[in-house]
Amino acid sequence: MVARSALLYLSRQEGLKDFAARFRTFKKLTTRFVAGETIEEAVEAIRAVNAFGATASFDHLNESVGSVEETEAEVREYQQVLARIDETGIKSNVSIKLTQFGLEIDPELAYRNARAVVEDAARRGNFVRVDMEQSAVTGVTLDIFKRLRAEFGLDTVGIVLQSYLRRTYADVEDVLKIPARVRICKGAYNEPPEVAFPNKADVDDNYVRVMKLLLSSGTYHGIATHDERMIDATVEHAGREGIAKDAFEFQMLYGVRRDLQMKLAREGYRVRVYVPYGRHWYPYFMRRLAERPANVWFIMKNLLKG
Ligand SMILES: Cc1cc2nc3c(=O)[nH]c(=O)nc-3n(C[C@H](O)[C@H](O)[C@H](O)COP(=O)(O)OP(=O)(O)OC[C@H]3O[C@@H](n4cnc5c(N)ncnc54)[C@H](O)[C@@H]3O)c2cc1C
């Protein structure tokens, strides 16, 4: 638990990124979780994902962007990604972060930038998932999502909610009324106990409650987890309620439990793999380390080996 908080604290220290990037071994290790630095490298990773029967979601890594020009460059990057999906015929949608589009500069800027990407996706018949970030921006992220959803279709834009937040069950009930497509995940940021359940058992219980609500809603949702207990609970609930295998999808991260991704795809479940790429890998990579203490030992061992 302490190691998790420490790693999540370090994930917010952008200054450490350049330091970390100097270690060639450290950079090499990021390739387990990050598909590369360019769109073409991500396209290749997605081809491999598609080959075993799963779809993907592009994520251009960047967050907490502090300049308007850089947020506009992010919009152009996503427009290029959407164009490459069409040109290559790979099966993928895209995931965006609102702080990547300027949420911490001005929410209206983030809305305008996100809107430009969602509009492009709508024109192409593709889908944009708005990732959820730290709890300080949950409310404003939901507000912007609702504005986008009011203008674009159910199958054009969706949102992410995190089962570690105390507010999430009510948020899920709220967005289901629109209706909206939800990706449920446990949550990856450092949050105080006032806003997030400090105990894993409560996070997991809430996950299962939300999963049941989502699956029984009749809308197509994403069940994002590598936790076999969450997956088993989902399969069991779907079986009991007569919910078809293609009425929802499992989602997992690039480089995590590929065996499980392939197994579920083989069993006829829909599986989507989240494929991050780009130069700003540091905070994403550190959150992945925080999720599993064994990852840290793996890194330490390799760093010591040089
Ligand atoms: C498709 C997708 C999208 C996501 N989007 C968001 C988002 O928008 N906002 C957000 O806050 N979080 C997001 N997350 C991250 C999520 O919140 C969790 O931090 C992460 O998925 C780990 O939780 P878990 O459900 O796998 O369960 P855990 O209980 O953390 O892990 C269960 C098991 O999965 C394996 N595992 C999990 N993580 C790792 C890892 N990093 N390396 C190796 N093994 C691992 C281990 O075997 C572990 O025992 C996303 C996750 C996925 C899969």
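Reading guide: rules and limits
- Residue positions are given per chain, counted from 1 along the sequence in the order it is written.
- Per-residue local features are limited, in this predicted model, to residues with pLDDT of at least 70; the limit for side-chain atom pairs, both in listing and counting, is 80 or more; totals at the level of whole chains, interfaces and linings are taken over all residues.
- The basis for every side-chain value is the complete set of heavy atoms in the structure, and neither hydrogens nor water enter the calculation.
- Counting from the N terminus, the helices are DSSP H or I runs at least four residues long and the strands are E runs at least two residues long.
- Helix axes use the C-alpha atoms of the stretch in contact, all axes being lines fitted to C-alpha atoms, and the angles between their N-to-C directions lie in the range 0 to 180 degrees.
- For classification purposes, an angle smaller than 35 degrees is called roughly parallel, one larger than 145 roughly antiparallel, one from 65 to 115 roughly perpendicular, and anything else oblique.
- Less than a right angle of anticlockwise turn of the near helix away from the far helix marks a crossing as left-handed, whereas a clockwise turn marks it as right-handed.
- Should any heavy atoms of two residues lie within 4.5 Å, those residues are counted as being in contact.
- In this classification, the charged set is Asp, Glu, Lys and Arg, the nonpolar set is Ala, Val, Leu, Ile, Met, Phe, Trp, Tyr, Cys and Pro, and all remaining amino acids, among them Gly, are polar.
- We define a salt bridge as a contact between a side-chain nitrogen of Lys or Arg and a carboxyl oxygen of Asp or Glu at a distance within 4 Å.
- Throughout this description, buried means an accessible area under 20% of the type-specific maximum (1.4 Å probe, protein chains only), exposed means over 50%, and partly exposed covers the range between.
- For each structure, a 1 Å grid was placed over the protein atoms alone; sets of points admitting a 1.4 Å probe that cannot get out are labelled cavities, open sets with protein on both sides within 12 Å along at least five of seven lines are labelled pockets, and lining residues have an atom within 4 Å of a point.
- Grid points are joined across faces, edges and corners, and a volume is the space filled by probe spheres set on the points.
- Counting of polar contacts relies on pairs of N or O atoms within 3.5 Å, with two restrictions inside protein: one atom must be capable of donating a hydrogen and the other of accepting it, and residues adjacent in sequence are counted only when both atoms are side-chain atoms.
- We call a residue near a molecule or strand as soon as one heavy atom of that residue lies within 4 Å of the molecule or strand.
- Accessible surface is estimated by sampling points in the Shrake-Rupley manner with a 1.4 Å probe; for residues, cover comes only from the protein chains shown.
- Expected helix span is given by 1.5 Å per residue-to-residue step, counting one fewer step than there are residues.
- Between any two strands, at least two bridges found by DSSP are needed for them to pair.

Engineer: Is there a simple way to think about the environment of Glu-119 in this case?
Structural biologist: Within the secondary structure, Glu-119 is located in helix 6 (residues 107-124). Once the C-alpha coordinates of Glu-119 and Glu-151 are considered, the two residues, 32 residues apart in sequence, prove to be 9.5 Å apart.

Engineer: Would you mind going over the packing of helix 4 (residues 39-51) against helix 5 (residues 68-88) with me for this structure?
Structural biologist: Each pair of packed helices can be described by the angle between their axes along with the distance between the axes. Relative orientation of the contacting elements helix 4 and helix 5 amounts to 45 degrees, with a least axis distance of 11 Å. The angle between helix 4 and helix 5 falls in the class oblique. Handedness of the crossing formed by helix 4 with helix 5: right-handed. Residues Ile-39, Glu-40, Val-43 and Arg-47 of helix 4 form the contact with helix 5, whose participating residues are Glu-77, Gln-80, Val-81, Arg-84 and Thr-88. Across the contact of helix 4 with helix 5, the residue classes tally to 3 nonpolar, 2 polar and 4 charged.

Engineer: Whenever I open this one, the pattern of salt bridges confuses me. Can you help?
Structural biologist: Side chains bearing opposite charge may pair, as long as their charged atoms lie close to each other. Per the counting criterion, the structure on display carries 27 salt bridges. With a closest N to O distance of 2.9 Å, Arg-257 and Glu-228 form a salt bridge. With Arg-257 in the loop between strand 7 (248-253) and helix 11 (258-266) and Glu-228 in helix 10 (residues 228-241), this residue pair connects regions lying 29 residues apart in the sequence. Arg-257 sits in the partly exposed class, given a relative accessible area of 29%. Look at Glu-228 and you get partly exposed, because its relative accessible area is 39%.

Engineer: Looking at this model, I keep getting lost on empty space enclosed by the protein. Mind explaining?
Structural biologist: Once rolled over the atoms, a probe with the size of a water molecule shows which space is left empty. Summed over all chains, the structure comprises 1 cavity of 30 Å³ or more. Size it by volume and the largest cavity reaches roughly 40 Å³. If you trace the largest cavity, you find it lined by Leu-29, Arg-32, Phe-33, Phe-285, Leu-289, Asn-295, Phe-298 and Ile-299. Those elements giving two or more residues to the lining of the largest cavity turn out to be helix 12 (282-290) and helix 13 (293-305). Of the residues contributing to the lining of the largest cavity, the split by class is 6 nonpolar, 1 polar and 1 charged.

Engineer: Which parts of the structure should I look at to understand the side chain of Asn-50?
Structural biologist: Looking at the element boundaries, Asn-50 is found in helix 4. Within the structure, Asn-50 has its side chain in polar contact with the backbone nitrogen of Lys-91 (distance 2.8 Å). Residues in contact with Asn-50, not counting those within four places in the same chain, are Thr-55, Ala-56, Ile-90 and Lys-91.

Engineer: Looking at this structure, how should I read the site of the ligand?
Structural biologist: Around the ligand, the structure places 26 residues, and the nearest of them are Gly-187, Lys-200, Thr-225, His-226 and Glu-291. Between the ligand and the protein, one listed contact pairs a nitrogen atom with a backbone N or O atom of Met-132 at 2.8 Å. Summarising the interface, the protein chains cover 87% of the accessible area of the ligand, which totals 930 Å² for the free molecule. Looking at the shell around the ligand, the elements that each hand over two or more residues are strand 4 (157-162), strand 5 (182-185) and strand 7. Counting residues per element, the shell around the ligand draws most heavily on strand 7, which supplies 3 residues. Class assignment of the residues belonging to the shell around the ligand gives a composition of 11 nonpolar, 6 polar and 9 charged.

Engineer: What should I look at first to understand helix 5 in this one?
Structural biologist: Think of an α-helix as turning once every 3.6 residues; residues three or four places apart then point the same way. The end-to-end C-alpha distance of helix 5, which contains 21 residues, comes to 30 Å, matching closely the 30 Å that a straight helix rising 1.5 Å per residue would cover. Residues of helix 5 that are buried in the fold lie against helix 4, strand 1 (55-60), strand 2 (92-96), helix 6 and strand 8 (271-277). Count one or two residues on from helix 5 and you reach Gly-89, which has phi positive near 75 degrees.

Engineer: Honestly, the sheet that holds strand 2 in this entry has me stumped. Any pointers?
Structural biologist: Hydrogen bonding along the main chain pairs the strands of a sheet, whether they run parallel or antiparallel. Judged by pairing direction, the barrel is parallel, and its 8 strands sit side by side in the order 1-2-3-4-5-6-7-8 before closing back on the first. On average, each strand axis in the sheet is inclined to that of its neighbour by 30 degrees, with strand direction left out of account. Bridge analysis of strand 7 against strand 8 gives 4 bridges, and the strand direction is parallel. Within strand 8, the residue paired with Leu-253 across the bridge is Tyr-274. Sheet contacts for helix 11: strand 7 and strand 8; angle to strand 7, the most-contacted strand, approximately 160 degrees.

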